[in-house]
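The primary structure of each chain is shown beneath.
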Amino acid sequence: MPEGAEVRRQADRLARVLVGRPLARVWFGLDRLAAHAGDLEAAGVHAVEARGKAFLLRFGPDALDPTLPAEAVAERLASRTFRGRSLAALYLDQSFVAGIGNYLRTEILFVAGLLPERRAKDLSPEQRVALAEATLAVTRQSYATAGITNDLARASALKASGEPRGRYRHHVFARGGRACWACGAVIERVELAGRRMYVCGSCQR
Ligand SMILES: [Zn+2]
């Protein structure tokens, strides 16, 4: 069994090969994690760490880390590494911010009022801050409510009026062809970075 320093050296060797490369295929030994494999595929490896005698592939900062400030996300949006890419692609890359899957990326961009084709470098500093704040707020609300990303007061009112959870859960995700809760425009389904997204062409610019 290798000792800690030897594991550290192996981690460094792995890091030289893996960091910055996309994951081609993700496999989890635990069934309950299998559903997340798709979220990690095509993600970039950010670091390889030794944890005791195991390796840990580290991705970008975790959106659910309560110590992660919105400013840190805004700085990443403005960084050379990420600023030139479309928001649609960026929000599926776990080396940008980890823990955001397809429905969260869709909902975050709606809350920030931004179209997924836009690039971080084309946003104003105020828009980058708003997007960073939406990134953390939507992800944390979804975690706290087991997946509700819609405005909570609106979701409560819709629930009270008898709407099923699938109808009040999100702002736009999986609501193609329906009316935007905020403005009434018809929500469009689009394919971006190989995955379905939903946008309100009136609320998002
Ligand atoms: Zn709208």
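Before going into details, it helps to say that this report is about the structure given with it. Note that the structure is a prediction, hence the values are computed from the model and not measured.

Right, let's talk about the overall build of the protein chain for a bit. Counting its secondary structure elements, the protein chain contains 9 helices and 4 strands. Along the chain direction, N to C, the helices and strands of the protein chain fall in the order α-α-α-β-β-α-α-α-α-α-α-β-β. Residue pairs in contact within the protein chain that sit at least 24 positions apart in sequence constitute 59% of those at least 6 positions apart.

At their nearest, the axes of helix H4 (residues 70-78) and helix H7 (residues 125-144) sit 8 Å apart, and the two run at 125 degrees to each other. One way to sum up the angle between H4 and H7 is to call them oblique. In the packing of H4 onto H7, the handedness of the crossing is right-handed. Contact residues: Ala-70, Val-73, Ala-74, Leu-77 and Ala-78 in H4; Arg-128, Val-129, Leu-131, Ala-132, Glu-133, Thr-135 and Leu-136 in H7. Grouping the amino acids of the contact of H4 with H7 by side-chain chemistry returns 9 nonpolar, 1 polar and 2 charged.

Take the packing of helix H6 (residues 102-112) against H7 next. Interhelical geometry of H6 versus H7 gives an angle of 130 degrees and a closest axis separation of 9 Å. By the criterion of interaxial angle, the relationship of H6 to H7 is oblique. Viewed along their axes, H6 and H7 form a crossing whose handedness is right-handed. Of the residues in H7, those in contact with Leu-104, Glu-107, Ile-108, Val-111 and Ala-112 of H6 are Ala-130, Leu-131, Ala-134, Thr-135, Val-138, Thr-139 and Ser-142.

In this section: unusual backbone geometry. Working note: non-glycine residues mostly have negative phi, and peptide bonds are mostly trans. Although it is not a glycine, Ala-146 sits at a positive phi angle of roughly 55 degrees. Within the secondary structure layout, Ala-146 lies in the loop between H7 and helix H8 (152-160). Judged by C-beta crowding, with 8 C-beta atoms within 10 Å, Ala-146 ranks as exposed. Unlike most non-glycine residues, Ala-174 shows phi in positive territory, near 60 degrees. By the secondary structure assignment, Ala-174 is in the loop between helix H9 (165-168) and strand S3 (188-192). A count of 15 C-beta atoms within 10 Å places Ala-174 in the partly exposed class.

Structurally, the position occupied by Cys-200 is in the segment after strand S4 (195-199). Between the alpha carbons of Cys-200 and Gly-176 there is a distance of 9.4 Å; along the sequence they are 24 residues apart. Dropping the residues within four chain positions of it, Cys-200 is found in contact with Phe-110, Val-172, Cys-180, Cys-183, Ala-185 and Ile-187.

Where S3 lies against S4, 5 bridges are found, and the strand directions are antiparallel. Considered in S4, the bridge of Arg-189 is made with Tyr-198. Taking the residues that link successive antiparallel strands as the turn, the S3-S4 hairpin has 2 residues, and the phi of Ala-193 there is positive, at about 50 degrees.

Turning our attention to the nonpolar core. Soluble globular proteins tend to pack their nonpolar side chains together in the buried interior. In terms of nonpolar packing, the biggest core is built from 38 residues, with Leu-77, Leu-87, Tyr-91, Ile-108, Ala-112, Leu-131 and Val-172 touching the most fellow members. Looking at this core, the elements that each hand over two or more residues are H4, helix H5 (87-90), H6, H7 and S4. Among all residues touching Leu-87, those that are not within four sequence positions of it are Leu-109, Leu-114, Pro-116, Arg-118 and Ala-120.

One turn of an α-helix holds 3.6 residues; hence residues three or four places apart share an orientation. For H4, the full list of buried residues reads Val-73, Ala-74, Arg-76 and Leu-77. Considered in projection along H4, the buried side chains sweep an arc of 160 degrees and stay on one side of the axis. Where H4 is buried, its residues meet H7.

Inspection of the secondary structure puts Ala-130 in helix H7. As for Ala-130 and Gly-113, which are separated by 17 residues in sequence, their C-alpha atoms are 9.0 Å apart.

The rules behind the values
Each residue is numbered by its place in its chain's sequence as written, counting from 1. Thresholds applied to this predicted model are a pLDDT of at least 70 for local features of residues and 80 or more for the giving and counting of side-chain atom pairs; totals over whole chains, interfaces and linings are not thresholded and use all residues. Strands here mean DSSP runs of E at least two residues long; helices mean DSSP runs of H or I at least four residues long; both are numbered from the N terminus. Each residue gets a C-beta atom placed from its backbone, and two residues are in contact if those atoms lie within 7 Å. Helix axes are fitted only over the stretch in contact, all axes being lines through C-alpha atoms; the angle between N-to-C directions runs from 0 to 180 degrees. To sort the angles, those under 35 degrees are grouped as roughly parallel, those over 145 as roughly antiparallel, those from 65 to 115 as roughly perpendicular, and the leftovers as oblique. With the far helix as reference, a near helix turned anticlockwise by less than a right angle produces a left-handed crossing, and one turned clockwise produces a right-handed crossing. Under the scheme applied, nonpolar residues are Ala, Val, Leu, Ile, Met, Phe, Trp, Tyr, Cys and Pro; charged residues are Asp, Glu, Lys and Arg; polar residues are all the others, including Gly. Field definition: a residue is buried when 20 or more other C-beta atoms are found within 10 Å of its C-beta, exposed when 12 or fewer are, and partly exposed for counts in between, with C-beta atoms placed from the backbone. Two strands qualify as a pair provided DSSP detects at least 2 bridges between them. We define the nonpolar core as any set of buried residues of the types Ala, Val, Leu, Ile, Met, Phe, Trp, Tyr and Cys, connected via C-beta atoms lying within 7 Å of each other. In this description, one arc is meant: the one made by directions from the helix axis to the C-beta atoms.

Nothing here speaks to function; it is all geometry.
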